[in-house]
Amino acid sequence: MALLRTGSQLLRAHLDGKAVSVALYHKNVIDHYENPRNVGSLDKNNKKVGTGLVGAPACGDVMKLQIEVDEQGKIVDAKFKTFGCGSAIASSSLATEWIKGKSIEDAAKIKNTEIAKELCLPPVKLHCSMLAEDAIRAALSDYKLKNQSDSSPASSSSTG
């Protein structure tokens, strides 16, 4: 006999005469886990590409998120590779979907709480959405670091 309560994400099954509770993922997490968007890598040596690599020591999740930014400061592509649970993969996938087409300023405004809400993450999985936010910020930071000399007045002046 099994009891499935949708929404509560709890499955109770009887295995060998013992009741076992198994956590289930919300359909939004399952969708991004089974059909992840934007998996892959961009050329980290490309000046237009920012790379963020973050990890959660408590659970072992590691997330790499990369962005490609055009001359107007718009994110034209985003890729990720994540080693972790379904919630971490889903958070990465959703994050790349949300940042594509945004300016770097707007991408920086994405909060982990928005990702968690969209994926209906339970409290025990909130660290996955925090990783995604951290990965976005790290990728933006890397992009800005690579391109800071282009925007500084000293780089356009000549000496002599």
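This report concerns the structure included in the present document. (Residues numbered from 1 in each chain as written. Predicted model: local features only at pLDDT ≥ 70, side-chain atom pairs only at ≥ 80, totals over all residues. Heavy atoms only, no water.)

1. A short note on the pattern of salt bridges
For the structure on display, the rule yields seven salt bridges. Its salt-bridge partner being Glu-97, residue Arg-37 comes within 3.4 Å of it at the nearest N-O pair. Separated by 60 residues along the polypeptide, Arg-37 in the loop between helix H1 (27-34) and strand E4 (49-56) and Glu-97 in helix H2 (residues 86-99) bring together distant segments of the chain. In this structure, Lys-109 and Asp-106 form a salt bridge, with 3.6 Å as the shortest nitrogen-oxygen distance. Relative accessible area serves as the criterion here: at 56%, Lys-109 is assigned to the exposed category. Of the residues examined, Asp-106 reaches a relative accessible area of 38% and is grouped as partly exposed. Overlapping salt bridges bring together Asp-31, Arg-37 and Glu-97 as one network. (Salt bridge = Lys/Arg side-chain N within 4 Å of Asp/Glu carboxyl O. Helix = DSSP H or I, 4+ residues; strand = E, 2+ residues; numbered from the N terminus. Buried < 20%, exposed > 50% of the residue type's maximum accessible area, 1.4 Å probe, protein only.)

2. A few points about helix H4 (residues 112-119)
Looking at H4, one finds that the buried residues are Asn-112, Ile-115, Ala-116 and Leu-119. Along the long axis of H4, the arc covered by the buried residues comes to 95°, so they all point the same way. More than 90 degrees from the buried face of H4, the exposed residues found are Thr-113 and Lys-117. (Arc of directions from axis to C-beta.)

3. Focus on the environment of Val-76
Positionally, Val-76 belongs in strand E6 (residues 75-83). Expressed as a C-alpha distance, the spacing of Val-76 and Ile-99, which sit 23 residues apart in the sequence, is 8.8 Å. Those residues within four positions of Val-76 in sequence are excluded, and the remaining contacts are Glu-68, Asp-70 and Lys-100. (Contact = heavy atoms within 4.5 Å.)

Geometric values such as these leave the question of function open.
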